[in-house]
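This is what each chain is made of:
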Amino acid sequence: STYGQGSTFSFSFRQRVYDDNVCEFDPNNLKREERKAFAVPFTAPEARALVVDDNKVNLEVAKGLLRQYGMKVYAALSGEEALDMIFREEPFDIIFMDHMMPKMDGIEATSHIRHRETDNNVPIIALTANAIKGADKLFLDAGMNDYISKPIDLRRLAAVMEKWLPESKKVRNAVPEKEEAAKPSSENISTGALPAHAVFEEGSDPGIKNEGAFSVLKGIDASAGLSNCLGDEDTYCGLLETFIDSDSYNEANRFYLENDIDNYKITVHGLKSAANYIGASKLSSYAKMLEMYAKDNDGKSIDRDHPGLKPLYDEVAGSIEEFLRGRMKGNDEEEKKVDINKDELVAHTNELIRMIEDMDLDGVSRKADEMAGMKFDDEKIDELINGIVKDASNFDFEEAGQKAQNIKSLLTQQN
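Here the structure is a predicted model, which is why all the values come from computation and not from measurement.

## Overview of the pairing of strand β4 (residues 72-76)
In terms of residue burial, β4 counts as a mostly covered element, since 4 of its 5 residues are buried. Bridging between strand β3 (residues 48-52) and β4 involves 5 bridges; their strand directions are parallel. Paired with leucine 50 across the two strands is tyrosine 74, which belongs to β4. Tracing the backbone out of β3, into helix α1 (residues 56-66) and back to the parallel element β4 gives a crossover that is right-handed.

## A few points about the confidence of the model for the protein chain
Mean pLDDT over the protein chain: 81, with 79% of residues reaching 70 or higher. Here residues 174-199 is a poorly scored stretch, pLDDT under 50, and it has 56 contacts once near neighbours within four places are set aside; other chains count. Ignoring residues within four places in sequence, the model shows residues 202-206, a span with pLDDT below 50, making 12 contacts including any to other chains.

## Things to note about the nonpolar core
Ranked by internal contacts, the top residues of the largest apolar core, which has 67 residues, are Phe96, Phe243 and Ile278. Residue contributions to this core peak at 8 residues, all from helix α14 (residues 309-336). Those residues in contact with phenylalanine 96, other than ones at most four positions away along the chain, are Leu50, Val51, Val52, Leu66, Ile125, Leu127, Ile148, Leu157, Val160 and Met161. If you look at the next biggest cluster of nonpolar residues, it comprises 22 residues, including Ile356, Met374, Leu384 and Ala400.

## Topic: the pattern of salt bridges
Between side chains of opposite charge, a pair can form when the charged atoms approach closely. Counted by the stated rule, this structure contains 21 salt bridges. Where aspartate 146 meets arginine 156, a salt bridge forms, and the shortest distance between an N and an O atom there is 2.7 Å. Taken as a pair, aspartate 146 in strand β7 (residues 146-149) and arginine 156 in helix α5 (residues 154-164) lie far apart in primary sequence, 10 residues in all. For aspartate 146, a relative accessible area of 13% corresponds to the buried category. Classification of arginine 156 by relative accessible area gives partly exposed; the value is 31%. Between glutamate 351 and lysine 367 there is a salt bridge whose closest N-O contact spans 3.0 Å. Taken together, the residues span a long stretch of sequence, with glutamate 351 in helix α15 (residues 342-357) and lysine 367 in helix α16 (residues 361-371) at a distance of 16 residues. Lysine 367 sits in the buried class, given a relative accessible area of 5%. By sharing partners, the salt bridges in this structure join Glu162, Glu167, Lys170 and Arg172 into a single network.

Scoring rules and cut-offs
Residues numbered from 1 in each chain as written. Predicted model: local features only at pLDDT ≥ 70, side-chain atom pairs only at ≥ 80, totals over all residues. Heavy atoms only, no water. Buried < 20%, exposed > 50% of the residue type's maximum accessible area, 1.4 Å probe, protein only. Helix = DSSP H or I, 4+ residues; strand = E, 2+ residues; numbered from the N terminus. Pairing = 2+ DSSP bridges. Right-handed = clockwise from strand over helix to strand, strands pointing away. pLDDT = per-residue confidence, 0-100. Contact = heavy atoms within 4.5 Å. Core = buried A, V, L, I, M, F, W, Y, C linked by side-chain atoms within 4.5 Å. Salt bridge = Lys/Arg side-chain N within 4 Å of Asp/Glu carboxyl O.

Shown next as structure tokens:
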């Protein structure tokens, strides 16, 4: 089979007919899987966790998921950096260690930790994208306590946290204050970017509030990427920016040109995971294929298919850069908006409603352009203002009028 093209084949088999009557499809009879609400079982505001991963995107995702527990989360980009932090700083309560890293991998780093620590007690959890048979024995023999497959499953993470985090660090049925969680204590610590103590429908589509902005992304399923960030758009945008900054293709290409197959394997392995986390499944699959070639030391297949990595990566990276430029421009425009008070907003909405009723379409467009430069100190009303501007630009004046009426109703309720 050729990657990206597939194969065409056919087959036949004998099947007994039990009923000659033709059934009609009824969508109402479909059985849908129940989505179960998930919440972290405890918080641990006094606990210190260390995440070790050479890929920045993977690192950010792991840190974000751990922040749901309200804990202090530190990060290291290599085994060497992790060792320095472990033996230089206060003790950690739990360590999440990536398996495949350049120079010093997770198994070697764990070996150093176990030989140097005095109590031999800190739980070390392997993070691996290769959950093959026998992986548990590999990690346990290396001195690790447990492992989690990537992408990280929330219930699996919760089970690991429940089992290995010291009971003295757990606080049951408590939600940490966001204000406190947002205060970092060092440059390596990460806290509070995602809402703590998250409760959501596991496996559900978080939805996209600003779907139009994400439409410029090519080769990326933004909904899938958002689900990896618990639906938090700011965190997802941070992942996209980290993906670009990592420059994984150029690093992989450098190792390819140097014929360094070991580091090439590690780099495309990281690209596979990072692309998967942001929702770039095709790029992730292609990187996985190259990783398999490198594991088999199949230089001929790498030579044949490595050139195909660049167009896939360029499509994804180019659209991310376009998206981030648009987002930055949008933020600049938002900062330029003028605050208006309640009386001013009432006057503008009344005037807009009158223009719509009089079919003064030019006046409606001018008023919408004027309102585009305004903002109001109420998130729901501010969204309605933005909606009016969008509806007017699409000549949907009836919907714009309805939103104006909704604004008036909300303002009346505030009296």
